[in-house]
Number of protein chains: 2
Amino acid sequence: MADEESQPQIRTTSEAWESLFRTQVAVMRRMQQLPEFKKLAMREYDVLFNLSHCPTGWTRLNELNEALLISQPSLSRMVERLEAKGLVQRRTAERDQRGIEIALTEEGRALQQEIGRVHVRHLHEMLAPALSEEEFKQLQFLTEKLRTGIKDR
Amino acid sequence: MADEESQPQIRTTSEAWESLFRTQVAVMRRMQQLPEFKKLAMREYDVLFNLSHCPTGWTRLNELNEALLISQPSLSRMVERLEAKGLVQRRTAERDQRGIEIALTEEGRALQQEIGRVHVRHLHEMLAPALSEEEFKQLQFLTEKLRTGIKDR
DNA sequence: TCAGTTTACATGCTTTTGCATCTACTGACA
DNA sequence: TGTCAGTAGATGCAAAAGCATGTAAACTGA
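The rules behind the values
- Residues numbered from 1 in each chain as written.
- Chains lettered and ligands numbered in written order.
- Predicted model: local features only at pLDDT ≥ 70, side-chain atom pairs only at ≥ 80, totals over all residues.
- Heavy atoms only, no water.
- Contact = heavy atoms within 4.5 Å.
- Buried area = accessible area lost by both parts, 1.4 Å probe.
- Salt bridge = Lys/Arg side-chain N within 4 Å of Asp/Glu carboxyl O.
- Near = heavy atom within 4 Å.
- Polar contact = N/O pair within 3.5 Å; in protein donor to acceptor, adjacent residues only side chain to side chain.
- Helix = DSSP H or I, 4+ residues; strand = E, 2+ residues; numbered from the N terminus.
- Nonpolar A, V, L, I, M, F, W, Y, C, P; charged D, E, K, R; others polar.
- Pairing = 2+ DSSP bridges.
- Axes fitted to C-alpha atoms, helices over the stretch in contact; angles between N-to-C directions.
- Least-squares fit on C-alpha atoms with pLDDT ≥ 70 in both.
- Buried < 20%, exposed > 50% of the residue type's maximum accessible area, 1.4 Å probe, protein only.
- Lys, Arg positive; Asp, Glu negative; His and termini not counted.
- Parallel < 35°, antiparallel > 145°, perpendicular 65-115°, else oblique.
- Left-handed = near helix turned anticlockwise from the far one by under 90°.

Colleague: Please provide a residue-by-residue account of the interface of chain B and chain A, values included.
Modeller: Each side of the interface is counted separately: chain B has 70 residues, and chain A has 70 residues. When chain B packs against chain A, the two sides together hide about 6800 Å² of surface, and 65% of this comes from carbon and sulfur. Counting across the chain B and chain A interface gives 2 salt bridges. The salt bridge involving Glu135(A) is made with Lys145(B); its shortest N-O contact spans 2.8 Å.

Colleague: Got a sec to walk through the protein's contact with DNA strand C? Specific residues and values, please.
Modeller: Residues in contact with DNA strand C amount to 23 residues; listed here are only the nearest, Ser71(A), Ser74(A), Arg81(A), Ser76(B) and Arg90(B). Counted by atom, the contact set of DNA strand C within 4 Å of the protein is 65% sugar and phosphate. Note that a base oxygen of DNA strand C is positioned 2.8 Å from one of the side-chain N or O atoms of Arg77(A). Note that a phosphate oxygen of DNA strand C is positioned 2.8 Å from one of the backbone N or O atoms of Asn62(B). Elements with a contribution of two residues or more to the surface near DNA strand C: α4 (72-84) of chain A together with α3 (61-66) and α4 (72-84) of chain B. Among the elements that line the surface near DNA strand C, the one with the most residues is α4(A), at 5 residues. In terms of residue class, the surface near DNA strand C is built from 7 nonpolar, 7 polar and 9 charged.

Colleague: Tell me about the sheet that holds strand β2 (residues 88-92) of chain B, and please be specific about residues and values.
Modeller: All names here are of chain B. Strand order across the open sheet formed by 3 strands is β1-β3-β2, with antiparallel pairing between neighbours. If you trace the sheet from one side to the other, it starts and ends with β1 (59-60) and β2, each paired once. In the sheet, β2 pairs with strand β3 (residues 100-104) via 5 bridges, with the strands oriented antiparallel. Each residue of the ladder has a partner; that of Gln89, found in β3, is Ala103. Sitting on the sheet, helix α2 (residues 42-52) is in contact with β1, β2 and β3, with an inclination near 95° to β3. Sitting on the sheet, α4 touches β2 and β3, and the angle it makes with β2 is about 120°.

Colleague: So what's going on with the relation of the copies chain B and chain A? Which residues, and what values?
Modeller: Least-squares fitting of chain B to chain A yields an RMSD of 0.0 Å, with the superposition described by an axial translation of 0.0 Å and a rotation of 180°. The symmetry that links the two subunits is that of a two-fold axis. Taking the C-alpha atom as reference, chain B places Leu139(B) closest to the rotation axis, 3.3 Å from it. Comparing interface residues between copies, 100% of those in chain B also sit at the interface in chain A, which points to an isologous, same-surface contact.

Colleague: Before we move on, can you summarise the protein's contact with DNA strand D with the specific residues and values?
Modeller: The local shell around DNA strand D holds 23 residues, among which Ser76(A), Arg90(A), Arg98(A), Ser71(B) and Ser74(B) are the closest. In the interface set of DNA strand D, defined as its atoms within 4 Å of the protein, sugar plus phosphate atoms amount to 67%. A distance of 2.9 Å separates a base nitrogen of DNA strand D from a polar side-chain atom of Gln72(A). Within the side chain of Arg98(A), one N or O atom sits 2.7 Å away from a base oxygen of DNA strand D. When residues of the surface near DNA strand D are traced back to their parent elements, those giving at least two are α3 (61-66) and α4 of chain A together with α4 of chain B. When residues in the surface near DNA strand D are grouped by element, the largest group, 5 residues, is from α4(B).

Colleague: Residues and numbers for the side chain of Arg29(A), please.
Modeller: Structurally, Arg29(A) can be placed in helix α1 (residues 10-32). Nearest to the buried, unbridged Arg29(A) among oppositely charged side chains is Glu66(B), at 6.7 Å. Among the polar contacts made by the side chain of Arg29(A), one reaches the main-chain carbonyl oxygen of Leu68(B) at a distance of 2.7 Å. Arg29(A) has contacts with Asn65(B), Glu66(B), Leu68(B), Leu69(B) and Ile70(B), leaving out every residue within four places of it along the chain.

Colleague: A description of the sheet that holds strand β1 (residues 59-60) of chain A should follow, citing residues and the corresponding values.
Modeller: Remark on secondary structure: sheet strands pair via backbone hydrogen bonds, oriented parallel or antiparallel. Residue and element names in this part refer to chain A. The 3 strands are arranged β1-β3-β2 in an open sheet whose pairing can be described as antiparallel. Of all the strands in the sheet, the pair left with one neighbour each is β1 and β2 (88-92). The strands touched by helix α2 (residues 42-52) within the sheet are β1, β2 and β3 (100-104), with β3 carrying the most contacts at an inclination of about 95°. Along the sheet, α4 makes contact with β2 and β3, crossing β2 at roughly 120°.

Colleague: Got a sec to walk through the packing of α1(A) against helix α5 (residues 106-127) of chain A? Specific residues and values, please.
Modeller: All names here are of chain A. Where α1 contacts α5, the axes come no closer than 11 Å and their chain directions differ by 130°. As summarised for this structure, α1 and α5 are arranged oblique, according to the angle between their axes. You can see that α1 and α5 cross each other, and the crossing is right-handed. Each of Val27, Arg30 and Met31 in α1 lies in contact with α5, whose residues at this interface are His119, Leu123, Met126 and Leu127. In terms of residue class, the contact of α1 with α5 is made up of 5 nonpolar, 1 polar and 1 charged.

Colleague: Break down the side chain of Asn65(B) for me, citing the residues and quoting the values.
Modeller: Along the chain, Asn65(B) turns up in helix α3. Those residues in contact with Asn65(B) that sit more than four places away from it in its chain are Arg29(A), Ile70(B), Ser71(B), Gln72(B) and Leu75(B).

Spelled out as structure tokens, the structure:
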């Protein structure tokens, strides 16, 4: 009871999660309606965003899939559509002939940056009034710690 | 610069949001695969969950829609399906003949509780190792403050 | 009080999603 | 080195989602 690092109560974890989840829904709902997502659905932007953050530029399809909530077949087809739109390119992985690697095209990178800039600004306008600089940093710290500490399986 | 409650930097807000969002994705991906969501898709459970938290039992469709990320027509049809499964019931709102109110049926409430119990336990197993009791409470505090402080429009 | 606007939900139609399954390749082990 | 389980992604098909629009009720303001 007097431990500094006491094991959390089941109620505490579930309430914290529920609050985090509800907050995510509230923010996403507002963002979905913003004009930057008329050009490209948010899920598709999310793919471009993830690709833009990959150091080598190329990402394995299965790896990308882990950062998204859609199923493997859905991603497979979404990439197909993004390729048809000229936003991403694909190639078979060199070291594994089963695998596919994808990357942004020039056009895809440009679109991601264009949407990204506006998006970040809207996000800031929406969220900044709610917390102080210090509180946002705490929030980032806690969510990162939570994410890296999740028990697998 | 020396303010205790300094306005957050644009970088700080977007990094905090990205971290929160990625954490949500990481948790949701793991949860989606858990056996409790074989019976009922997570989005459908989410509807039952929201209904279970309504004090009067009955909720307006448009009000419920605000707590979800799906579109109004999608919710309309989801409720139709949930009604067909016997999990929810609907009636026209008394004070507004345009409106629909829905509530859980006995069966719906039972199923929500059944899934909810397992779900909360799995959530706890997954998340508890990552943060302390105090940190979860901070996380809850910050996400609640963020949610209530979001600027509308 | 009544024309015009707005709001709440339903519906037609297309696109996207997911499940189950298939194919092709890899890696491990005998 | 050949068999066999496991993995990566594609594909057929049914379910669900979204967009545009329809209908009906509720406000609004001359």
